[in-house]
Amino acid sequence: MKNGIRLAVRQDIPTLCEIWKSCFSDSEEYINYFYNENFKRIKVLVYDVDSTPVSAVNLLDSEFINNNECHKVKYLYAGGTLPEYRKSGYFSLLLKYAFEMAKQYGYGLFLKPSTEALVSYFAAQGFKTDSSFNLVTVYPDEIQPISLSDISYKVYNSMRNDAYSNIPYARWNDEHVCWCVKENEYFSGRTLKITLNKKDYLLMCYPEDNTLVITETNLSVSQIKQISGALCDLFATEMIKAYMPDFSCNNGERIISSMVYNTSVSNTYVNLILI
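Only a predicted model underlies this, so the values are computations on that prediction, with no experimental measurement involved.

A. Layout of the overall build of the protein. Helix and strand counts for the protein stand at seven helices and 13 strands. Its C-alpha atoms give the protein a radius of gyration of 19 Å, near enough to 19 Å, the size a compact globule of 275 residues would have. The principal-axis extent of the C-alpha atoms belonging to the protein is close to 65 × 40 × 30 Å. By the burial criterion, 51% of the 275 residues in the protein qualify as buried. Long-range pairs, those at least 24 residues apart, make up 71% of the contacts in the protein with a sequence separation of at least 6. By element, 46% of the accessible surface of the protein is carried by carbon and sulfur atoms, the whole surface being about 13400 Å².

Have a look at this one:
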């Protein structure tokens, strides 16, 4: 029976689901869906005790684009440890190993802390805070006609790359954006092109109880307000909460969107990070 770090294999998925479920509020159905859809394209670092994973973190490939320069990065997602094995340093060992690999192969790391308390934890491990969202609440105006259409993941990703090409941003491959669209649809969401004043904008959103959650858009807050009545009517919601990047909005609740390690790019827009 061995202790130590390795890459997960498909046979580990049931245990990976147990670790995830013990750390986050996601349903077992969703966690299984994530691994069934994504396991082939991601890497999962695990720490074994007696040859069984007790701590894990998922790594997804991305790129930070800045002034047309590409910087390889990996996104660390949904990491944690089974409750009975916490405070043993296993997750810190996974991070240390991830740091060593990042330095050896010349790529960066980033993550979104799920709680405020984890900001301090990850800072102590070696991450530094980089960018943030402002979570803005919008109440609907009167319903006005709106021009919109559902779009494919490829069209969405092309629009996204065009929209953010003039700032440092995380560029995702089509495979990841395809998953984000599927995940959004899993939560009854839609991936849309909105046309305002003969200009096209992207919008990814899903309804949650009486709220429409906008996870990504290049619309401004004032433009969201302009179409808020139509959006709330379309999704049968009473208000909108929009995750707006800090470079486009100064109002709302500030939420750290990324902490980074081993990258020279700063103030990077990193949405589509599985909020």
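Picking up where we left off.
B. Quick look at the pattern of salt bridges. Inspection of the entire model under this criterion finds 10 salt bridges. Between Glu37 and Lys182 there is a salt bridge, with the nearest N and O atoms lying 3.0 Å from each other. Of the two residues, Glu37 is situated in helix H2 (residues 28-38) and Lys182 in helix H6 (residues 174-186); the sequence distance between them amounts to 145 residues.

C. Fine view of the side chain of Arg160. Among the secondary structure elements, Arg160 is positioned in helix H5 (residues 153-163). The buried category is assigned to Arg160, whose relative accessible area is 0%. Within the local environment of Arg160, its side chain forms a polar contact with the backbone oxygen of Asn271, the two atoms lying 3.1 Å apart. Beyond its immediate sequence surroundings of up to four residues, Arg160 is in contact with Tyr169, Ala170, Arg171, Trp172, Leu202, Glu216, Tyr269, Asn271 and Leu272.

D. Spotlight on the nonpolar core. Counting 67 residues, the largest nonpolar core has Tyr35, Val44, Leu109 and Phe127 as its most contacted members. A total of eight residues in this core trace back to one element, the largest contributor, which is helix H3 (residues 90-105). If near-sequence neighbours (up to four positions away) are discounted, Phe127 is found in contact with Leu76, Leu95, Phe99, Leu109, Phe110, Leu111, Phe122, Met259, Val260 and Tyr261. Formed by 20 residues, the second largest nonpolar core is a distinct cluster that contains Val138, Leu212, Ala242 and Cys249.

E. Quick peek at the state of the cysteines. Going through the model one piece at a time under the given rule, you end up with zero disulfides. With no disulfide partner, Cys205 has as its closest neighbouring cysteine sulfur the one in Cys232, 10.0 Å distant. The exposure class assigned to Cys232 is buried, which follows from its relative accessible area of 4%.

F. Structural detail: the packing of helix H1 (residues 13-23) against H2. Taken N-terminus to C-terminus, the directions of H1 and H2 make an angle of 130°; their axes are 10 Å apart at the nearest point. The orientation of H1 relative to H2 falls into the category oblique. H2 is crossed by H1, and the crossing has right-handed handedness. Contacts between H1 and H2 involve Ile13, Leu16, Cys17, Trp20 and Lys21 from the first element and Glu28, Tyr30, Ile31, Asn32, Phe34 and Tyr35 from the second. For the contact of H1 with H2, a count of residues per class yields eight nonpolar, one polar and two charged.

So, how was this worked out
The residue numbering used here restarts from 1 in each chain and proceeds along that chain's sequence as written. Confidence filtering applies because this is a predicted model: local features only for residues at pLDDT of at least 70, side-chain atom pairs given and counted only at 80 or more, and all residues used for totals across whole chains, interfaces and linings. Each side-chain value is worked out from all heavy atoms of the structure, with water and hydrogens disregarded. Only DSSP runs of H or I with at least four residues qualify as helices, and only runs of E with at least two residues qualify as strands; both kinds are numbered from the N terminus onward. Here the globule rule is a power law, 2.2 Å times the number of residues to the power 0.38, and the radius of gyration is based on C-alpha atoms. Buried means the residue's accessible area, taken with a 1.4 Å probe over protein chains only, is under 20% of the maximum for its type, while exposed means over 50%, and partly exposed covers the values in between. Whether two residues are in contact is decided by their heavy atoms, any of which lying within 4.5 Å being enough. Residue exposure ignores everything except the shown protein chains as possible cover, and the areas themselves are Shrake-Rupley values with a 1.4 Å probe. A carboxyl oxygen of Asp or Glu within 4 Å of a side-chain nitrogen of Lys or Arg is what we treat as a salt bridge. In the analysis that follows, any N or O atom pair within 3.5 Å is treated as a polar contact, provided that within protein one partner can donate a hydrogen and the other can accept it, and provided that, for residues neighboring in sequence, both atoms belong to side chains. Only buried Ala, Val, Leu, Ile, Met, Phe, Trp, Tyr and Cys residues count toward a nonpolar core, and they belong to the same one when joined by side-chain atoms within 4.5 Å. Only a pair of cysteine sulfur atoms within 2.5 Å counts as a disulfide in this structure description. For every element, the axis is a line fit to its C-alpha atoms; helices are fit only across the contacting stretch, and the angle between N-to-C directions ranges from 0 to 180 degrees. Working rule for angles: under 35 degrees goes down as roughly parallel, over 145 as roughly antiparallel, 65 to 115 as roughly perpendicular, anything else as oblique. Crossings are sorted by hand: turned counterclockwise from the far helix by less than a right angle, the near helix makes the crossing left-handed, and turned clockwise it makes it right-handed. Residues are grouped as follows: Ala, Val, Leu, Ile, Met, Phe, Trp, Tyr, Cys and Pro are nonpolar; Asp, Glu, Lys and Arg are charged; all remaining types, including Gly, are polar.

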